[in-house]
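Architecture and fold: a report
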Amino acid sequence: MAIRANYGKDTGVTPGHEDSPMARITPLATARRLPLAKRAVMRRNQAGMTTLGLIILVSFLGLFAFGFIRLTPVYLNYFKVVGVVDGARSEFDGQSPTANSIRTYVSRRFDIESVSQITARDVKVTPVDGGFEVSAQYSHKAPFIANISFVVDFDKRAMIRR
């Protein structure tokens, strides 16, 4: 049985070689001989991601997610400190407080809020013109992977007027 060859652009069969084993055309050979417009259509249908690319993408996303998980408690603790310092400002602003009453308030609120990494003694209450400045400055070190750590520096200040 003779194979009738199509001698057009789409086949790799040359005249006189219809019965040879090379008459069978592989998809790769056909793709190389296709016009550019048809190749573009084939590429659109074949678009995708390899397994290795997916593994690399998932590992990068996993590292960022793990870093986010490790830093979340650090920032939650900072928001507690911000709440205490801003609470001291709203509690004592314009009521002629003393430095001792502000320190007592900060100490009690730190106990209630369960603030860690900074103590009430680390919060500085300094007299300035027209009142007091409450300042909470500290660094928090959060371990990440092996010997890699995140170090975050925080500085919260509030002015309490007399």
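The coordinates are above.
Calculation rules
- Residues numbered from 1 in each chain as written.
- Predicted model: local features only at pLDDT ≥ 70, side-chain atom pairs only at ≥ 80, totals over all residues.
- Heavy atoms only, no water.
- Axes fitted to C-alpha atoms, helices over the stretch in contact; angles between N-to-C directions.
- Helix = DSSP H or I, 4+ residues; strand = E, 2+ residues; numbered from the N terminus.
- Left-handed = near helix turned anticlockwise from the far one by under 90°.
- Contact = heavy atoms within 4.5 Å.
- Nonpolar A, V, L, I, M, F, W, Y, C, P; charged D, E, K, R; others polar.
- Patch = residues over 30% accessible without salt bridge, like charges linked within 9 Å, V, L, I, M, F, W, Y side chains within 5 Å.
- Areas by Shrake-Rupley, 256 points an atom, 1.4 Å probe, with all protein chains shown as cover.
- Salt bridge = Lys/Arg side-chain N within 4 Å of Asp/Glu carboxyl O.
- Core = buried A, V, L, I, M, F, W, Y, C linked by side-chain atoms within 4.5 Å.
- Buried < 20%, exposed > 50% of the residue type's maximum accessible area, 1.4 Å probe, protein only.
- Pairing = 2+ DSSP bridges.

When two helices pack together, their arrangement is given by the angle between their axes and by how far apart the axes lie. Two elements in contact, helix 3 (residues 51-92) and helix 4 (residues 99-113), have axes whose closest approach is 10 Å; the angle formed by their N-to-C orientations is 140°. In the crossing of helix 3 with helix 4, the sense of the turn from one axis to the other is right-handed. When helix 3 is examined against helix 4, the residues Lys80, Val81, Gly83, Val84, Gly87, Ala88, Glu91 and Phe92 are found in contact with a partner set consisting of Ser101, Ile102, Tyr105, Val106, Arg109, Phe110 and Glu113. Looking at the contact of helix 3 with helix 4, its residues break down into eight nonpolar, three polar and four charged.

There is a patch of nonpolar side chains on the surface, built from Leu52, Ile56, Phe60, Leu63, Phe64, Phe66, Ile145 and Ile148 and spanning about 780 Å² of accessible area. Residue placement: Phe60 occurs in helix 3.

For the structure shown, the criterion picks out six salt bridges. Its salt-bridge partner being Arg161, residue Asp93 comes within 2.8 Å of it at the nearest N-O pair. With Asp93 in the loop between helix 3 and helix 4 and Arg161 in strand 3 (residues 148-161), this pair connects stretches of sequence that are 68 residues apart. The shortest N-O distance in the salt bridge between Arg109 and Glu113 comes to 3.5 Å. One end of the pair, Arg109, and the other, Glu113, are both in helix 4, four residues apart, so they sit about a helical turn from each other. Each of Asp86, Arg89 and Lys156 takes part in salt bridges that share partners, so that together they form one network.

Here we take up the nonpolar core. In terms of nonpolar packing, the biggest core is built from 26 residues, with Val81, Ile102, Val106, Phe110, Ile118, Val123 and Val134 touching the most fellow members. Of all elements in the fold, only helix 3, helix 4, strand 2 (131-145) and strand 3 reach the threshold of two or more residues within this core. Take this core: its biggest share by element is eight residues, from helix 3.

The strands making up a sheet associate through hydrogen bonds between their backbones, and the pairing can be parallel or antiparallel. Strands sit in the order 1-2-3 across an open sheet of three strands; the sheet is antiparallel. Each edge of the open sheet is held by one strand with a lone partner, namely strand 1 (124-128) and strand 3. On average, each strand axis in the sheet is inclined to that of its neighbour by 20°, with strand direction left out of account. Judged from the 14 bridges that link them, strand 2 and strand 3 form a sheet pairing that is antiparallel. Bridging from a neighbouring strand, His140 pairs with Val152 of strand 3. Docked against the sheet, helix 3 engages strand 2 and strand 3, running at close to 15° with respect to strand 3.

Functional significance is not addressed by these values, which are geometric in nature.
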